[in-house]
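Below are the chains, spelled out letter by letter.
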Amino acid sequence: MTTTDVPRALAEGPSPARLGALTDALAARAEADDLLDVAVRTHPSPIGELLLAATPLGLVRVAFAAEGHDAVLDDLARRVSPRVLRAPARLDTVARELDEYFDGHRTHFDVALDRRLSSGFRLAVLTHLSGVPYGRTESYAEVAAALDNPKAVRAVGSACASNPIPVVVPCHRVLRSNGSLGGYLGGLEAKTTLLRLEAAAA
């Protein structure tokens, strides 16, 4: 599509297919000119539609519908870069690995992560969680102890609740000491679904 096609296309009416093509062309041009800081797409899953976002460094955000995707996009524009654009191709590998995970054929993710939205103790917690094996769980207290801060149980819970890359960074594998679920940003039904999926496939 040339630049002269854009006004003509808009004049012919904003059909979804045409707007999608224009957006894809804009994303390709922005990426070619190194102007695309955050690529985003949505992806269906058994726990609802997920918003995926990636920078050139890696996956930076996975958001549940319950979070409000528009609010998440605004937050990305504020905290990462205002140059946020729908660019599905950059997230094809993430989408494929998520599908494999939900189909029970993948036990870990190989995509690069951009962890800039977490820092300090929260980053330490989430880094630890990446090492919790598929199909296994730990308690908030066990995570705190593993990080040599056994009194930081609530801080572990806060880190899990603010995890910007859920599913891929498996905060769903952290439970209360009595075995109950605890909280989950995507809702307890989503957490239950993930745990059952892993228990069945492990």
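Given the structure is predicted, the values throughout are model-derived calculations rather than measurements. (Residues numbered from 1 in each chain as written. Predicted model: local features only at pLDDT ≥ 70, side-chain atom pairs only at ≥ 80, totals over all residues. Heavy atoms only, no water.)

Points about the nonpolar core
Stated precisely, the cut-off is as follows: Nonpolar cores are built from buried Ala, Val, Leu, Ile, Met, Phe, Trp, Tyr and Cys residues. Side-chain atoms within 4.5 Å join them into one set. Relative accessibility thresholds used throughout: buried, under 20% of the residue-type maximum; exposed, over 50%; partly exposed, between the two (1.4 Å probe, protein chains only). Labels follow the DSSP assignment, with helices taken as runs of H or I lasting at least four residues and strands as runs of E lasting at least two, numbered in each case from the N terminus. Whether two residues are in contact is decided by their heavy atoms: any pair within 4.5 Å suffices.
Grouped together as the largest cluster of nonpolar side chains are 39 residues, with contacts concentrated most on L59, L98, Y101, F102, L129, V167 and V168. Broken down by secondary-structure element, the contributors of at least two residues to this core are β2 (50–55), β3 (58–63), α4 (92–102), α5 (120–129), α6 (140–146), α7 (153–161) and α8 (188–201). In terms of residues, this core owes the most to one element, α4, which gives four residues. Each residue touching L98, except ones within four places of it in the same chain, is listed here: L50, L52, F109, V167 and V168. Counting residues in hydrophobic clusters, the runner-up holds ten residues, among them V38, L51, A53 and V80.

Overview of the packing of aromatic side chains
Using the following cut-off: The rule is short: rings of Phe, Tyr and Trp, with Trp giving its six-membered ring, pair when the centres are within 6.5 Å, and they are stacked under 30 degrees, edge-to-face over 60, tilted in between.
Considering all chains together, one arrives at four aromatic pairs under this definition. When the centroid spacing of 5.5 Å and the interplanar angle of 65° are considered together, the rings of F64 and Y184 count as edge-to-face. In this pair, F64 sits in the loop between β3 and α3 (69–79) while Y184 sits in the loop between β6 (174–175) and α8, placing the two residues 120 residues apart along the sequence. Across the pair, Y184 and F64 agree in class, each one buried. Here the aromatic rings of Y101 and Y134 are separated by 6.2 Å at their centres, their planes lie at 90°, and the arrangement is edge-to-face.

Some thoughts on the packing of α5 against α7
Formally: Only the stretch in contact is used when fitting a helix axis, every axis being a line fitted to C-alpha atoms; angles between N-to-C directions are given from 0 to 180 degrees. Any angle between 65 and 115 degrees counts as roughly perpendicular, while under 35 counts as roughly parallel, over 145 as roughly antiparallel, and the rest as oblique.
For the pair α5 and α7, interaxial distance at closest approach is 9 Å and the crossing angle is 75°. With respect to α7, the element α5 is oriented roughly perpendicular. Contacts between α5 and α7 involve F121, R122, V125, L126 and L129 on the former and, on the latter, A155, V156, S158, A159 and C160.

What to know about α5
Keep this limit in mind: Read the arc as the range of directions from the helix axis to the C-beta atoms.
Buried residues of α5: V125, L126 and L129, and no others. For α5, the angular spread of buried residues about the axis comes to 90°, placing them on one side.

A few points about empty space enclosed by the protein
Put simply, the rule reads: Only protein atoms enter the 1 Å grid, on which a cavity is a set of points fitting a 1.4 Å probe that cannot get out and a pocket is an open set with protein on both sides within 12 Å along at least 5 of 7 lines, lining residues being those with an atom within 4 Å of a point. Grid points are joined across faces, edges and corners, and a volume is the space filled by probe spheres set on the points. Here the nonpolar group is Ala, Val, Leu, Ile, Met, Phe, Trp, Tyr, Cys and Pro; Asp, Glu, Lys and Arg are the charged ones; every other residue, Gly included, is treated as polar.
Considering all chains together, one arrives at one cavity of 30 Å³ or more under this definition. Size it by volume and the largest cavity reaches roughly 50 Å³. As for the largest cavity, its lining consists of R115, L117, S118, L123, L126, N163, P164, I165 and V169. Per-class residue counts for the lining of the largest cavity are six nonpolar, two polar and one charged.

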